[in-house]
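Structural description and commentary
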Amino acid sequence: MRVPEHRGPAGDAPVLVAEEEVPPPPPPKGPRAIVWARRRRALQRVWRVYRKNTMGMWGLYILAFFGAVAVFAPLIAAGEGLDPTCPCTGTPYDAPSLRFPFGTDNLGRSVLTLTIWGSRISLMVGFFATLISMLIGSVVGILAGYFGRWSESVLMRLTDWFLVIPFLPLAIVLASVLGRSLLVIIMVIGVTSWPSTARIVRAQVLSVKTRPYVERARALGASHLHLVTRHILPNVGPLIFANTVLTVAIAILSETTLSFLGLGDPLSISWGTILEFAFGAGAAGGGQWWWLMPPGLAIVFVVLAFTMCGFALDEILNPKLRQR
Amino acid sequence: MSLLSVRDLTVTYQTQTGPVPAVRGVSFDIDKGEVLGLAGESGCGKTTVINAILRLLPPRTEMTGSVLLGGEDVLAMKPGRLRAVRWTEASVVFQGAMHALNPVQRIGDQIAEAIVIHGQAGQREAIVRVGALLEQVGLPPRRLYDYPHELSGGQKQRVMIAMALACAPSLVIADEPTTALDVMVQAQVLKLLKELQRELGLAMLFITHDLSVLVEVCDRLAIMYAGRIVEEGPAVPVFEDPAHPYTRALSGAFPQIGNQRFRKAPSGLGGDPPYPGDVPPGCSFHPRCPVAFEDCPTIDPPLFPAGEGRRAACLLVDQKAKETVEAAP
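Computed from a predicted structure; not experimentally measured.

**Notes on the overall build of chain B**
Secondary structure summary: chain B contains 12 helices and 12 strands in total. By the compact-globule yardstick of 20 Å for 329 residues, chain B fits well, its C-alpha radius of gyration being 21 Å. Dimensions along the principal axes, computed over C-alpha positions, put chain B at roughly 70 × 50 × 45 Å. Per-residue burial for chain B yields a buried fraction of 53% across its 329 residues. For chain B, restricting intrachain contacts to residue pairs at least 6 apart in sequence, the fraction spanning at least 24 positions comes to 61%. Only carbon and sulfur atoms are counted for the fraction: they give 54% of the accessible area of chain B, which is about 14800 Å². When the 31 positive and 36 negative side-chain charges of chain B are each reduced to one mean point, those points stand 4 Å apart.

Here's what the structure looks like:
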């Protein structure tokens, strides 16, 4: 219904005609709204504890910085700076100057631009590889821990097998067989880094599944799927989350390693590929420190920041480590 | 036909050190609307019996005999049928309510879980029913949205009772529903259970080691020792005039205030119940029995009739019974 507007004498503010209008009663809160209010409060509680953790906060600041750089890369540094034929490039091997704060590479491209754009690929690979790793690790860990017996034996031997085969040779073989592309790099890292997650998750599931409320749910007539999704997973979730943050750091390092060895996607610039180009062009021997330092430091800071956040979360979400 | 009929049930756990027979041939019946109390010391197999009724035992546990629930043998059921029967025909009020609730779920959802799992209603409708259930157990329906840590011990036990009633089962198994509650709350919970039982005409299997509780609540009593039922009969006579020396020791453990007999001789029972894997030969109670005689270590007594509707597994009972029969012309 439209309420006719009556302008006041001055014609400024619209005045509503209905004068004795009673404020409507607050909308009845449905169960869903109440649940969300609770979740918000629980999150706020975790956040309050997290804020007191200096290490975790510094990690978060650093991550926020690199995250912003990755997201706003096109605004900070023009994308054509990556193209060696662009007139915006300078002379090769330029030392840091006002125009190129981090100097230039062998093609005259600004190392700053390269590093900024490299953060996108590095972080992306880190996140997606971790996603795959977490997915495999959680599923294997939950299946092994929950069902036990022969499925546990089979899955844990598989986990041990992935744990003992050396990561690099396997990654090299997989990357060279499947070809050099970003997707392959993500797959390779994801498929090789899940075993430790699987073991941690399994250990936690073993402890959760013997708790009386799981037995109660079983007595209710709950199916395995129901038990796993409603009772096991929510209680293992925080652990998986804390572990995820730590795994991102490892995934970023792995990406750098693979790219440095020339197994990365040559068309997408990541911190690892910058290092590889620099190394290939003899930057280390030629004294072009400005070419190696920015991506190297970026990797160090990001990995450090993820590790710091991971430890902080572990401390908060793992009741055994919490100080009270 | 009785609602629950357990016949010659044996349960043998498989452990690292070999098979352990926890229940060695237990038989009992519960009729509609009847309350049977199962009592005994810790480790005598009470909880194993109820876990066997819903088949909640570890996968490799051996079970023989039969458990007829509504005429169907639980031990022979296929997994799907078993899941359907759990909670709709028999539900459990677990011991230690504080642990039987998932700490990260609201209690309303946990009670509704039972209704939703069995497809009796959707989530929305189930929540409405849960509100009514909470009211039935004396909690305000707004408690639906609380988490377990926001409730007291007694309230949690009420939630467990509401949960047991969620699918309107005909049999409720109460596994030590009052342990870890203080005496006042114990009395409230017992009163509630008794009221609900009468109101809804429920059959109940009530398990505790507290005989005085059982006498208040139960119609009949069964006393277990070392995996067997050693005495069975109507509640009050069994408690007040026990036929088996073990029952006598148990009921003697509850002194009557003001009674000189209890004051002069505080009674108790020495020793520990036998380890289920190493039960003494003959009558399993004989090493601790104050009235054991030379036949006890060799003869394993079955349940002898011991008065009206009563049976007891003691050689002395049999002799007494024989003597009364012989004395009667």
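There's more to say after this.
**Things to note about the overall build of chain A**
Looking only at helices and strands, chain A features 13 helices and 2 strands. The 324 residues of chain A split such that 43% are buried. Long-range contacts, defined as pairs at least 24 residues apart, comprise 67% of the intrachain contacts of chain A with a sequence gap of at least 6. Taken as a whole, chain A presents about 17800 Å² of accessible surface, with 69% of it coming from carbon and sulfur.

**A few points about the packing of helix 10 (residues 224-260) of chain A against helix 11 (residues 271-280) of chain A**
Residue and element names in this part refer to chain A. Packing of helix 10 against helix 11 brings their axes to within 7 Å, and their N-to-C directions diverge by 30°. The pairing of helix 10 with helix 11 is recorded here as roughly parallel in orientation. The handedness of the crossing between helix 10 and helix 11 comes out as right-handed. Residue-level contacts link Glu-255, Thr-256, Ser-259 and Phe-260 of helix 10 to Gly-272, Thr-273, Leu-275, Glu-276 and Phe-279 of helix 11.

**Thoughts on the interface of chain B and chain A**
One frequent convention defines the size of an interface as the accessible area lost when the parts assemble. Taken together, the contact between chain B and chain A spans 28 residues of the former and 21 residues of the latter. Overall, the association of chain B and chain A removes approximately 2200 Å² of surface from exposure, summing both partners, and the carbon and sulfur fraction of that is 55%. Across the chain B-chain A interface, the total number found is 1 salt bridge. A:Arg216 is the salt-bridge partner of B:Glu113, the closest N and O atoms lying 2.7 Å from each other. Counting across the interface, chain B meets chain A through 12 residue pairs in polar contact (both at pLDDT 80 or more).

**Some remarks on the packing of helix 4 (residues 111-147) of chain A against helix 7 (residues 182-192) of chain A**
All names here are of chain A. At a minimum axis separation of 8 Å, helix 4 and helix 7 run at an interaxial angle of 45°. With respect to helix 7, the element helix 4 is oriented oblique. Like other packed secondary-structure pairs, helix 4 and helix 7 cross with a definite hand, here right-handed. Listed contacts from helix 7 to Ile-121, Met-124, Val-125, Phe-128, Ala-129, Ile-132, Ser-133 and Ile-136 of helix 4 are Leu-182, Ile-185, Ile-186, Met-187, Ile-189, Gly-190 and Val-191. Grouping the constituent residues of the contact of helix 4 with helix 7 by class yields 13 nonpolar, 2 polar and no charged.

**Concerning the pattern of salt bridges**
Residues and elements named next belong to chain B. On inspection of all chains with the given rule, the structure shows 17 salt bridges over all chains. Linking Arg-7 and Asp-29 is a salt bridge whose minimum nitrogen-to-oxygen distance equals 2.7 Å. Pair noted here: Arg-7 is in strand 1 (residues 4-15) and Asp-29 is in strand 2 (residues 18-30), with a separation of 22 residues, a long-range link. What emerges from the salt-bridge pattern is a single network uniting Glu-34, Arg-220, Glu-232 and Arg-311.

**A closer look at the sheet that holds strand 11 (residues 304-305) of chain B**
Residues and elements named next belong to chain B. Within the open sheet, the 8 strands sit side by side as 6-7-8-3-9-10-12-11. Their pairing is mixed. Every interior strand has two partners, whereas the edge strands, strand 6 (90-93) and strand 11, have only one. Helix 7 (residues 183-200) contacts strand 3 (35-39) and strand 8 (203-208) of the sheet and is inclined by roughly 160° relative to strand 8.

**Re the confidence of the model for chain B**
Of all residues in chain B, 93% have pLDDT values of 70 or greater, and the mean over the chain is 86. Interface confidence for the predicted complex, given as ipTM, is 0.74, next to a pTM of 0.72.

**Digging into the layout of surface pockets**
Unfilled space is identified by rolling a water-sized probe across the atoms. The calculated volume of the second largest pocket comes to roughly 990 Å³. Along the wall of the second largest pocket there are 29 residues; nearest its centre are A:Tyr146, A:Arg218, A:His224, B:Leu57 and B:Pro59. Secondary-structure elements contributing two or more residues to the lining of the second largest pocket are helix 4, helix 5 (149-164), helix 8 (195-209), helix 9 (212-219) and helix 10 of chain A together with helix 2 (79-85) of chain B. Top contributing element to the lining of the second largest pocket by residue count: helix 5 of chain A, with 4 residues. Class assignment of the residues belonging to the lining of the second largest pocket gives a composition of 14 nonpolar, 6 polar and 9 charged.

**Points about a nonpolar patch on the surface**
Residues and elements named next belong to chain A. Together, Leu-168, Ile-172, Phe-260, Leu-261 and Phe-279 give the surface a local cluster of nonpolar side chains, amounting to about 420 Å² of exposed area. Mapped onto the fold, Leu-261 is located in the loop between helix 10 and helix 11. Relative accessible area serves as the criterion here: at 43%, Leu-261 is assigned to the partly exposed category.

**Observations regarding the packing of aromatic side chains**
A complete count under the given rule lists 13 aromatic pairs over all chains for this structure. Taken together, a centroid distance of 5.6 Å and an interplanar angle of 90° make the contact between A:Trp58 and A:Tyr61 edge-to-face. In this pair, A:Trp58 and A:Tyr61 both sit in helix 2 (residues 54-71), 3 residues apart, roughly one turn of the helix. Here B:Tyr246 and B:Phe285 contribute two aromatic rings whose centre-to-centre distance is 5.2 Å and whose plane-to-plane angle is 70°, an arrangement assigned as edge-to-face. In this pair, B:Tyr246 is assigned in helix 10 (residues 245-252) and B:Phe285 in the loop between helix 11 (260-264) and strand 11, connecting sequence segments 39 residues apart. Just as B:Tyr246 is buried, B:Phe285 falls in that class too. Members of the aromatic cluster, joined through ring pairs, are A:Phe65, A:Phe66 and A:Trp271.

**Quick notes on the sheet that holds strand 5 (residues 72-73) of chain B**
Residue and element names in this part refer to chain B. Here we have 4 strands laid out as an open sheet, ordered 2-1-4-5, and antiparallel in their pairing. Each of the sheet's edge strands pairs with one partner strand only, and the pair in question is strand 2 and strand 5. Examined bridge by bridge, strand 4 (residues 62-69) and strand 5 share 2 bridges and lie antiparallel to one another. The partner of Leu-68 across the bridge, within strand 5, is Asp-73.

**A few points about empty space enclosed by the protein**
Residues and elements named next belong to chain B. A full pass over the atoms with the stated rule returns 4 cavities of 30 Å³ or more. Its boundaries defined by the atoms lining it, the largest cavity holds a volume of some 80 Å³. Forming the boundary of the largest cavity are 14 residues, of which Cys-283, Cys-289, Cys-296, Cys-314 and Leu-315 lie nearest the centre. By residue class, the composition of the lining of the largest cavity is 12 nonpolar, 2 polar and no charged.

About the thresholds
Residues numbered from 1 in each chain as written. Chains lettered and ligands numbered in written order. Predicted model: local features only at pLDDT ≥ 70, side-chain atom pairs only at ≥ 80, totals over all residues. Heavy atoms only, no water. Helix = DSSP H or I, 4+ residues; strand = E, 2+ residues; numbered from the N terminus. Rg over C-alpha atoms; globule rule 2.2 N^0.38 Å. Buried < 20%, exposed > 50% of the residue type's maximum accessible area, 1.4 Å probe, protein only. Contact = heavy atoms within 4.5 Å. Areas by Shrake-Rupley, 256 points an atom, 1.4 Å probe, with all protein chains shown as cover. Lys, Arg positive; Asp, Glu negative; His and termini not counted. Charge placed at Lys NZ, Arg CZ, Asp CG, Glu CD. Axes fitted to C-alpha atoms, helices over the stretch in contact; angles between N-to-C directions. Parallel < 35°, antiparallel > 145°, perpendicular 65-115°, else oblique. Left-handed = near helix turned anticlockwise from the far one by under 90°. Buried area = accessible area lost by both parts, 1.4 Å probe. Salt bridge = Lys/Arg side-chain N within 4 Å of Asp/Glu carboxyl O. Polar contact = N/O pair within 3.5 Å; in protein donor to acceptor, adjacent residues only side chain to side chain. Nonpolar A, V, L, I, M, F, W, Y, C, P; charged D, E, K, R; others polar. Pairing = 2+ DSSP bridges. pLDDT = per-residue confidence, 0-100. 1 Å grid on protein atoms, 1.4 Å probe; cavity = no way out; pocket = protein on both sides within 12 Å on 5 of 7 lines; lining within 4 Å. Points joined across faces, edges and corners; volume = space filled by probe spheres on them. Patch = residues over 30% accessible without salt bridge, like charges linked within 9 Å, V, L, I, M, F, W, Y side chains within 5 Å. Phe/Tyr/Trp six-rings, centres within 6.5 Å; stacked < 30°, edge-to-face > 60°.

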